[in-house]
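Listed below, chain by chain, are the residues.
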Amino acid sequence: DFIKMDSKNAFTFAKIFHSLDPDVFIDNHVSNGADYQYTLTYIASMKERMSPQMNELTYEKCIPYLTANVKQHGWDLFPYVELKGETPAQGIHAFNDLPRYAMGYASLFNVISFTVETHMLKPYEQRVMATLALMETFVAFTGKNAKEIKDLRKKTKQAIASADRFPIKWKLDKTGFTEYTFKGFESGNKPSEISGLSRLYYDRSKPFTKAIKVFDKFVPELFIGKPKAYIIPQGWWKVIDRLLANGVKMNKLKKDTSIQVEWYRIEDYKTMPRQYEMHHLNSDVVVSKETGVKFFRKGDWVIELNQPANRFLVETLEPQAEDSYFAWNFFDAILGQKEGYSAYVFEDKAANYLKQNPDLKAKLEQRKLSDTTFAKSARAQLDFVFKNSPWYEPDHNRYPVFRVYQ
């Protein structure tokens, strides 16, 4: 709930988080999934989502320290087992810590962040004591490296505030991997006593230790160049409330103003057929860009992108980002066309409009030549004219977060 913030608890958490501005953030969990020998596993923020310096501190210094010192308490520490196939022996892959998750959210604010996962099938006492040992080790590492961590966060905040572009979409590199020594259990298949069909099982009487592949590299699919500022009309109060709760620096326009801006038009997207945590996530968003002078009212919000919250702003306000507010349905109102026409009335207007606009007439004829389905549909052709005319609802599919460059 860290991005969509559906609960009052989420707003309270954000207030506490930004009041403390933690240097290190840890979220303790219990994990399900495959069976293996480890009681303790961890998820660190995705390497590529961090600055190079924070990546180095986390993966080259912090994790080796944690692994070695937790071992002294009698516990092995291993990366979270996110299966690539059916079992760990077939390899695992790194976790894409989207901002909806604790460590993904925290990393947007340049915090060294981890999620700890103890295994559900281990005895409760073991899970408690293993978590305690890891927490004590985290405290020890943070204390010993406090100055370096604080200095590094300060430099990273400054770098984020001045960066020109940001990656907002990632995919797993299916060829890049690191070999880890893994302690697991042999697995197999046997007939289910319920269905009689084949089922997976793990045999705890047959532990093994062997090298497995951990696919731990992500590559960016999409970069976004940051604008000088975003402008959000005040009517989108649910989004504004969430930005304010996350400590974003924002200013209200003091008077009605016309400003040269760029905006997106949503050309296509997919949405989930079933709800996911009270939402129907939008994905695979395709946009086009338009520019012009837009009239804004006194009280509309201006957000300059010269602040440490830049990554949070880009991840939430760019509609193509995987956990954007558009993805979480906060802007779905623009997707519904509310104004239309009666065909028998608009036919004559459309014909006159085409006579006055030969370029549009040419586009219509070209579309009929290239699209046979379109050519056979009178309704589709009339709608084409309508959507390219001044009578078409201007806010339909127009994303209402405007980008300022001047």
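Residues numbered from 1 in each chain as written. Predicted model: local features only at pLDDT ≥ 70, side-chain atom pairs only at ≥ 80, totals over all residues. Heavy atoms only, no water.

**Topic: the sheet that holds strand β4 (residues 92–93)**
Put simply, the rule reads: In this analysis, strands are considered paired if DSSP registers two or more bridges between them. Only DSSP runs of H or I with at least four residues qualify as helices, and only runs of E with at least two residues qualify as strands; both kinds are numbered from the N terminus onward.
On the basis of which strands lie adjacent, the open sheet formed by 3 strands has the order β4-β8-β7 and mixed pairing. If you trace the sheet from one side to the other, it starts and ends with β4 and β7 (178–191), each paired once.

**Here we look at a nonpolar patch on the surface**
Spelled out, the test is: Like-charged residues are merged into a patch within 9 Å and nonpolar side chains (Val, Leu, Ile, Met, Phe, Trp, Tyr) within 5 Å, provided each residue has over 30% relative accessible area and no salt bridge. We get accessible surface area from the Shrake-Rupley algorithm with a probe of 1.4 Å; when it comes to residues, only the shown protein chains can shield them. Between Lys or Arg on one side and Asp or Glu on the other, a salt bridge is scored when a side-chain nitrogen of the former is within 4 Å of a carboxyl oxygen of the latter.
A grouping of Tyr-124, Val-128, Met-129 and Leu-132 is seen on the molecular surface, where their side chains present a nonpolar patch of about 390 Å² in accessible area. Here Met-129 shows up in helix α4 (residues 124–144).

**Observations concerning the packing of helix α9 (residues 358–370) against helix α11 (residues 378–387)**
Let me state the cut-off plainly: To get an axis, fit a line to the C-alpha atoms, keeping to the stretch in contact for a helix; angles then go from 0 to 180 degrees between the N-to-C directions. Handedness of a helix crossing follows the sense of rotation of the near helix relative to the far helix, less than a right angle counterclockwise being left-handed and clockwise being right-handed. Contacts between residues were defined by any pair of non-hydrogen atoms, one from each residue, lying within 4.5 Å. Residue classes follow a fixed rule: Ala, Val, Leu, Ile, Met, Phe, Trp, Tyr, Cys and Pro count as nonpolar, while Asp, Glu, Lys and Arg count as charged, and any other residue, Gly among them, counts as polar.
Viewed as axis vectors pointing N to C, α9 and α11 meet at an angle of 145°, and their least axial separation amounts to 11 Å. Crossing of α9 over α11 shows right-handed handedness. Residues Leu-360, Lys-363, Leu-364, Arg-367 and Lys-368 of α9 lie in contact with α11, whose contacting residues are Gln-381, Phe-384 and Val-385. For the contact of α9 with α11, the residue count by class is 4 nonpolar, 1 polar and 3 charged.

**Examining the pattern of salt bridges**
Two side chains that carry opposite charge are able to pair once their charged atoms sit near each other. Let me state the cut-off plainly: Burial here depends on accessible area, computed with a 1.4 Å probe over protein chains only, as a share of the maximum for the residue type. Under 20% is buried, over 50% is exposed, and the range in between is partly exposed.
Across all of its chains, the model carries 27 salt bridges by this definition. The closest approach of N and O atoms between Asp-216 and Lys-47, which form a salt bridge, is 3.7 Å. You can see Asp-216 sitting in the loop between β8 (198–215) and β9 (218–225) and its partner Lys-47 sitting in the loop between β2 (40–44) and α2 (52–72), a full 169 residues away along the chain. Of the charged contacts, one joins Arg-265 and Glu-290 as a salt bridge, the two residues approaching to 2.9 Å between their closest N and O atoms. One end of the pair, Arg-265, is in strand β12 (residues 257–271); the other, Glu-290, is in strand β13 (residues 282–296), with 25 residues separating them in the sequence. Judged by relative accessible area, which is 14%, Arg-265 ranks as buried. Here the salt bridges do not stand alone but share partners, grouping Asp-21, Asp-23, Lys-150, Arg-153 and Lys-157 into one network.

Keep in mind these values describe shape, not function.
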